[in-house]
Amino acid sequence: MLGYDDKRNFFRMMVNSGCELTINDEQSSRTISAVCHDISATGMSFEVDEPIELGTKVQVSIESTSSQIPSLIADSKVVRCEEQTQDSFVVGVEIVEMK
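Definitions and cut-offs
As a convention, each chain's residues are numbered from 1 in the sequence order in which they are written. Owing to the predicted nature of the model, reporting of local features is limited to residues with pLDDT of at least 70; listing and counting of side-chain atom pairs is limited to 80 or more, with chain, interface and lining totals taken over all residues. To obtain the side-chain values, all non-hydrogen atoms of the structure were included, while hydrogens and water were left out. Here a salt bridge means any side-chain nitrogen of Lys or Arg lying within 4 Å of a carboxyl oxygen belonging to Asp or Glu. Secondary structure elements are defined from DSSP: runs of H or I of at least 4 residues count as helices, runs of E of at least 2 residues count as strands, and each element is numbered from the N terminus. Only protein chains enter the calculation, and the probe is 1.4 Å; a residue is then buried if its accessible area is under 20% of its type maximum, exposed if over 50%, and partly exposed in between. Here, residues are in contact when the closest pair of their heavy atoms is within 4.5 Å. The nonpolar core is taken to be a set of buried Ala, Val, Leu, Ile, Met, Phe, Trp, Tyr and Cys residues, with the residues joined through side-chain atoms within 4.5 Å. DSSP calls a pair of strands paired once it identifies at least 2 bridges connecting them.

Visitor: Explain the pattern of salt bridges residue by residue, including any values.
Guide: Overall, the coordinates contain 3 salt bridges when judged by the stated rule. The salt bridge involving Asp 75 is made with Lys 99; its shortest N-O contact spans 3.2 Å. Of this pair, Asp 75 sits in strand β5 (residues 72–85) while Lys 99 sits in the segment after β6 (88–98), and the two are 24 residues apart along the sequence. The class for Lys 99 is exposed, based on a relative accessible area of 59%.

Here it is as structure tokens:
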């Protein structure tokens, strides 16, 4: 029997890399640090210290450590936010546009 992960349209690539999130919500625009756990062609997940509301627009920036691989900048939308521990949240985003 196929599990949920086997039904995905795109494979996930495990990353575990530091990234910067620019959150553009109704109150303001702010930047927070996060750890990107995985990325696929249409989305990614990362761990943050605070919850982010569903539907919030987030720009994700992952700096490359190699001159042969460009840095990643993506506009995205929060589709999932789950509390991991008391001060840790796993956020899933849908990539809207790669820059």
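Visitor: I'd like a rundown of the environment of Gln 84, residues and numbers included.
Guide: Within the secondary structure layout, Gln 84 lies in strand β5. Non-local contacts of Gln 84, meaning those with residues more than four positions away in its chain, are made with Phe 89 and Val 90.

Visitor: Explain the nonpolar core to me, using residue names and the numbers behind them.
Guide: One finds Leu 21, Met 44, Phe 46, Val 48, Ile 52 and Val 60 to be the most contacted residues of the largest nonpolar core, which totals 21 residues. Looking at this core, the elements with two or more residues in it are β1 (13–24), β2 (29–39), β3 (43–48), β4 (57–62), β5 and β6.

Visitor: Go over the pairing of β4 with me, naming the residues and quoting the values.
Guide: Where β1 meets β4, 5 bridges bridge the pair, whose relative direction is antiparallel. Across the sheet, residue Glu 20 finds its bridge partner in β4, namely Ser 61. Sheet topology note: the β4/β5 ladder contains 6 bridges and is antiparallel. Within β5, the position partnered with Ile 62 by the bridge is Leu 72.

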